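# Observations on the model geometry
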Amino acid sequence: MPALPLHEAGKYVAAAYIVFVVLLLVYVAIMASKLTRIERELVELNAGVAEEDAEAEEPAP
Amino acid sequence: MRRAAATILRKDLRLERRTGETVPAMALFTLTAFVLFHFGLQRGELDGELAAGVLLVTLLLASVLGVTRLFAAEQEEGGLDAFLLSPADRTALLVAKAAALFLFLAALELVAVPVFAVILLGPGPSAGTWLEVAGILALLDLGLAVVGTLVSALAAQTRARELIAPIVGLPLLVPALIAAAHALAPLLYAGAPGAVPGRWLAVLGLYDSVFALLAYALFDFLLED
Amino acid sequence: MHGTRLRGLSILTVLTIGTALVLVFFYAPNEADQGFVQKIFYLHVPLAIVALGGFVFGGIQAIQHLRTRETRYDLRSYVAIHLSLILAVGVLLTGSIWAKASWGHWWVWDEPTLVSFLIVFLLYATYQPLRFAIEDPERQARYASVFAVVAGAFVPLNFIAVRLAQNLVHPRVLGTTGGNMPGSMRLTFLISLAGMVLLFATLWKYEMASKNAAMQLKKLRRRLLEREPQPV
C-alpha cells in the first residue's frame, strides 16, 4: 500500500500517541486516587490516636 | 526417587482405572468437539492444515480441562500431607504426576485419533505415515504433560481452579501448538504426504526441555505448606 | 524515603521524553516507504522493548523472592509485571493503529512482534486473577513468583516459535529499513528508548512507594486496633 498522504497519516500518528498519553493519564489518575485514600486514612488514624492520648491523660473517675 | 515416583504413578493409574474420572471425560469431550467442528465448519472432510488444527486444538482443550483433577486425590484425602511427611524426594511427585498425565493423554489419543480419521479426516495418509503422526503427538504429549502438571499444581490451591488452569495453561502451550501444527499438517494430506520439516520437531524438543527444566526447578516451591 | 531521588528521576524522564518528541517530529527524516506513518515506530518499538524487559525483570525479582523469601522482592515483581501489562496493552493498540495506517487492516497475523505480544498479554493477564484467587498471603506470593518465573522464561520461547511460524517469504509488515537505518533515525530511536526506560523506572518507583505506604498503613491500623480495648 502506498504511503498515506500527510493529512491522512497525521491522524493515525496522532491517534497512536494520544492512546499512549491516555493510558499514562489513566494510570496516574488511579494512582492519585489511591494515594488520596491513603492520606485520608492516615488523617483518620492520627485523629484516633490523638483522641486516645487525650483520654488517657484524664484521670479515672 | 524412582521408586517413590513409580509407587505414586501406580497408585494414580489404579485409581484412574477404578474410578475413571479423567480419561473417559476427556475422550467424550474430544468426540463431542469433533462433532461441533463438523457443524461449525460445515465440512465433512478435512485435510492438511485444517485437519491438524482441529485435531490439535481439540486435544489441547481436552488436556487443560483434564488437568483440574490431577491433584484432586492428594488434596481431598490429605494425601499431600502424608507425602510431604515422607522422606521421598518431592520431585518424585512431579515425575509421577507428569507420567500419569502423559499416559492419560496417550490413552486419549489412542481413541481420539482413529475416530478423527474416520469421521473428519479426508482420504488421509498411508499406514507408515501414521507412525510419524504418533511420534509428533508423543513429543507434544511430553510438553502437555509437563505444563499440565505445573499448571495443575499452581491452580490446585486457588479458588477458581477450573478456570485458572485453562487460562494460564493455554497461552503457555501456544509455542507447542505452533510447532505441532506445522509438523503435522503436511502429513495429513491424501496420497503422497509431505515430509515433516525437522525444524518444528526441534522447536517441540526445545519447548519440552525448557519446561521440564522449569518444572524441575520450581515444583518444590508449590508443594510447601 | 524516596523523596528527592524520585523527583530527580521524574524530571529526567520528562526532559528525555520531551527531547525524544522534538527529535521524532522535527529531526528524524520521513521514511521512504511508509512516509509520516513511520513515526509511530518511535513509540511502538520502545514500548515493546521496555514491556518485555519489565516482564523479564519481574521474573528475576521473583527468583530472588523464591530464594530469600523476603516480601519486598515479591512486591517489586508484582509492580513490574503490573506496569508491563499496561505497556503491553499500549503495544497492541499502537501496533494495531500502525497496521491500519500501513496496511489498511486493524490486525495483521504476519507481524510476529504483534502476534507474540498478544499471546504474552493473554498469559500475563492471568497473573492478577491468579493472585486474587489465593487467600493466604505467603502462598499467594510464592505461587505468583513461580508463575512470574515460568512466564518470564516463556517469553523468548514464544517469540522464537511465532517468528518461525511467519512465512519467511512475506516481508515484515511493521519493520523499518532495519539495519540500514540512517544515523538520525537511530539517534532518535535511542533517545525514545531511553525515555521509555526512564518512564518505566519512574512509574515503578511511584507505584512501589504507594504500595509500601499502603502496607505500612495496614500494619499501623492493626497495631492501633490491638491497643483499643483498654480497661482504665
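Below is a summary of the structure that appears in this document. Every chain is numbered independently, its residues counted from 1 as its sequence is written. Starting at A for chains and at 1 for ligands, labels are handed out in the order in which the entities are written. Only residues with pLDDT of at least 70 get local features here, since the model is predicted, and only at 80 or more are side-chain atom pairs given and counted; chain-wide, interface and lining totals rely on the full set of residues.

Here we take up the overall build of chain B. Note on conventions: DSSP H or I runs of at least 4 residues are helices, E runs of at least 2 residues are strands, and numbering of each starts at the N terminus. When helices and strands are counted, chain B shows nine helices and zero strands. Relative to its length of 225 residues, chain B is compact, with a C-alpha radius of gyration of 18 Å against a globular reference of 17 Å. Taking the principal axes of the C-alpha coordinates as reference, chain B spans close to 55 × 35 × 30 Å. Taken across its 225 residues, chain B has 45% of its residues classed as buried. Computation of the radius of gyration draws on C-alpha atoms, with the globule rule given as 2.2 Å multiplied by the number of residues to the power 0.38. Field definition: a residue is buried when 20 or more other C-beta atoms are found within 10 Å of its C-beta, exposed when 12 or fewer are, and partly exposed for counts in between, with C-beta atoms placed from the backbone.

Attention shifts here to the interface of chain C and chain A. C-beta atoms are placed from the backbone for every residue, and two residues are taken to be in contact when these atoms lie within 7 Å. With 30 residues of chain C at the interface, the matching set in chain A holds 25 residues. The element that contributes the greatest number of residues to the side of chain C that touches chain A is helix H3 (residues 71-103) of chain C, accounting for 11 residues.

So, about helix H1 (residues 2-19) of chain B. All names here are of chain B. Look at H1: 25 Å from first C-alpha to last across 18 residues, which is about the 26 Å you get at 1.5 Å a residue. Where H1 is concerned, the buried positions are Ala5, Ile8 and Asp12. One side of H1 carries all its buried residues, which in axial view fall inside an arc of 70°. Summarising the geometry of H1, the exposed residues directed more than 90 degrees from the buried face are Arg2, Arg3, Arg10, Arg14, Arg17 and Arg18. Those residues of H1 that are buried lie in contact with helix H6 (91-119). Positive backbone phi, approximately 55°, marks Gly20, located one or two places after H1. One fewer than the residue count of a helix, multiplied by 1.5 Å, yields its expected span. Here the arc refers to the directions that run from the helix axis out to each C-beta atom.

Okay, the packing of helix H2 (residues 41-68) of chain C against H3(C) next. Residues and elements named next belong to chain C. In this analysis, axes come from line fits to C-alpha atoms, helices being fitted only over the stretch in contact, and the angle between any two N-to-C directions falls in the range 0 to 180 degrees. In the contact formed by H2 and H3, the axes pass within 8 Å of each other and the chain directions differ by 160°. With respect to each other, H2 and H3 are oriented roughly antiparallel. In the packing of H2 onto H3, the handedness of the crossing is left-handed. For the contact of H2 with H3, the per-class residue count stands at 16 nonpolar, 12 polar and two charged. Note on terminology: angles under 35 degrees are roughly parallel, angles over 145 are roughly antiparallel, angles of 65 to 115 are roughly perpendicular, and the others are oblique. For any pair of crossing helices, the crossing counts as left-handed if the nearer helix is rotated counterclockwise from the farther one by less than a right angle, and right-handed if it is rotated clockwise. In this classification, Asp, Glu, Lys and Arg are treated as charged, Ala, Val, Leu, Ile, Met, Phe, Trp, Tyr, Cys and Pro as nonpolar, and every other residue, Gly included, as polar.

Glancing now at the interface of chain B and chain C. At the interface, 24 residues of chain B touch 24 residues of chain C. Mapped onto the side of chain B that touches chain C, the elements with two or more residues apiece are helix H7 (127-156), helix H8 (161-184) and helix H9 (198-223) of chain B. Residue contributions to the side of chain B that touches chain C peak at 10 residues, all from H8(B). Across the side of chain B that touches chain C, the residue classes break down as 19 nonpolar, three polar and two charged.

The next point concerns the environment of Leu108(B). Residue and element names in this part refer to chain B. Positionally, Leu108 belongs in helix H6. It is 26 Å that separates the C-alpha atoms of Leu108 and Ala160, two residues lying 52 residues apart in sequence. When near neighbours in sequence (up to four residues on either side) are disregarded, Leu108 contacts Val23, Met26, Ala27, Thr30 and Ala62.

So, about the arrangement of the chains. With two pairs of chains in contact overall, the contact-richest pair is chains A and C. Contact between chain A and chain B is absent, and the minimum C-alpha spacing across the pair is 25 Å.

Before going further, it helps to examine the nonpolar core. Leu154(B), Ala179(B), Ala180(B), Leu184(B), Leu204(B) and Phe147(C) are the most contacted members of the largest nonpolar core, which totals 147 residues. Counting residues per element, this core draws most heavily on H7(B), which supplies 16 residues. Excluding anything up to four places from it in sequence, Leu154(B) contacts Val168(B), Leu222(B), Tyr143(C), Val146(C) and Phe147(C). In these notes, a nonpolar core means any group of buried Ala, Val, Leu, Ile, Met, Phe, Trp, Tyr and Cys residues linked to one another through C-beta atoms within 7 Å.

Here we come to the packing of H2(C) against helix H6 (residues 137-165) of chain C. Residue and element names in this part refer to chain C. For the pair H2 and H6, interaxial distance at closest approach is 8 Å and the crossing angle is 135°. Judged on the interaxial angle alone, H6 and H2 are oblique. Considering only the axes of H2 and H6, their crossing is left-handed. Taken together, the residues of H6 that come into contact with H2 (itself represented by Leu52, Phe55, Val56, Gly58, Gly59, Ala62, Ile63, His65 and Leu66) are Ala141, Ser145, Ala148, Val149, Ala151, Gly152 and Val155.

What follows deals with H3(C). For H3(C), which comprises 33 residues, the first-to-last C-alpha distance of 47 Å matches the rise-based estimate of 48 Å (1.5 Å per residue) to within 8%. Of the residues flanking the end of H3(C), it is Gly104(C), one or two places downstream, whose phi is positive at about 80°.

Quick look at unusual backbone geometry now. One non-glycine residue, Gln42(B), lies in the positive phi region at around 55°. Looking at the secondary structure, you find Gln42(B) in the loop between helix H2 (23-41) and helix H3 (48-66). We note that Arg69(C) has phi near 65°; this positive angle belongs to a residue other than glycine.

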